[in-house]
Amino acid sequence: MADETQQPVFQIQRVYLKDLSLEQPNSPAIFLEQDAPNIEVALDVGAEPLADGIFESTVTVTVTAKVGDKVAFLVEGKQAGIFEIRHVPAEQFDPLLGIACPNILFPYLRANIADVLTRSGFPPIHLTEVNFEVFYQQRLQAMAEQKTDATVVPASNSIN
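The following refers to the structure shown. (Residues numbered from 1 in each chain as written. Predicted model: local features only at pLDDT ≥ 70, side-chain atom pairs only at ≥ 80, totals over all residues. Heavy atoms only, no water.)

Considerations on the packing of aromatic side chains
Ring pairs (aromatic) are described by centroid distance and by the angle formed between their planes.
Then step 1. Following the criterion strictly, the structure yields six aromatic pairs and no others.
Then step 2. Seen in terms of ring centroids, Phe132 and Phe135 are 6.2 Å apart; in terms of plane orientation they differ by 80°. Their pairing is edge-to-face. Taken together, the positions of Phe132 and Phe135, both in helix α3 (residues 132-151) and three residues apart, correspond to about one turn of that helix.
Then step 3. Exposure remark for Phe132: the relative accessible area of 1% places this residue in the buried category.
Then step 4. Of the residues examined, Phe135 reaches a relative accessible area of 17% and is grouped as buried. (Phe/Tyr/Trp six-rings, centres within 6.5 Å; stacked < 30°, edge-to-face > 60°. Helix = DSSP H or I, 4+ residues; strand = E, 2+ residues; numbered from the N terminus. Buried < 20%, exposed > 50% of the residue type's maximum accessible area, 1.4 Å probe, protein only.)

Examining the pairing of strand β4 (residues 70-86)
Then step 1. Where strand β1 (residues 9-23) and β4 come together, 13 bridges link them in antiparallel fashion. In the sheet register, Val9 faces β4, and the bridge partner there is Arg86.
Then step 2. Pairing between strand β3 (residues 54-67) and β4: 14 bridges, direction antiparallel. Of the residues in β4, the one forming a bridge with Thr62 is Glu76.
Then step 3. In this antiparallel pair of consecutive strands, β3 and β4, the connection spans two residues, and Gly68 shows a positive phi of 65°. (Pairing = 2+ DSSP bridges.)

With respect to the pattern of salt bridges
Then step 1. Throughout the structure, instances matching the rule amount to seven salt bridges.
Then step 2. Asp44 serves as the salt-bridge partner of Arg139, at 2.6 Å between the closest nitrogen and oxygen. Of this pair, Arg139 sits in helix α3 while Asp44 sits in strand β2 (residues 38-51), and the two are 95 residues apart along the sequence.
Then step 3. Note on Arg139: relative accessible area 33%, which makes it partly exposed.
Then step 4. For the salt bridge of Glu129 with Arg110, the shortest nitrogen-to-oxygen distance reads 2.5 Å. On the criterion of sequence distance, the pair formed by Glu129 in the loop between α2 (90-119) and α3 and Arg110 in helix α2 is long-range, its members being 19 residues apart.
Then step 5. Judged by relative accessible area, Glu129 falls into the exposed class, the value being 60%.
Then step 6. In this structure Arg110 comes out as partly exposed when scored by relative accessible area, which is 23%.
Then step 7. Each of Asp52, Glu84 and Arg86 takes part in a single network of salt bridges with overlapping partners. (Salt bridge = Lys/Arg side-chain N within 4 Å of Asp/Glu carboxyl O.)

This is the structure in structure tokens:
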């Protein structure tokens, strides 16, 4: 029986839309524009402990559409989930929070972004799939580079 209590646990407790905002600073005139908008997408993930073995994971996306220099819309959404993670080997813990949880949350966020844009009068934007494993590896590499840059001691300039 003692072995059962040490079995790895990874469970979804809840998935929810934590934040959603939409700005249309140039409406209604922007609806009369004939040019196709330029779309920019920014993505971020995060996680924080809530209680022993309970974590909140978040995926945030910001989509900005511009026609020329005018902003058609800016929408930002943060999809979150509460996950129970217990008895997981240390080397698997961060990848669960950085890869598995965002993979679960992202489809909900994609649907919410498309829905809010449709409801606001714009065609929906269907965000492309994200490889969160690659995203996770890129973040690890960026953090390692920051640590390396921070530990480099600048050479002193001396005049002989």
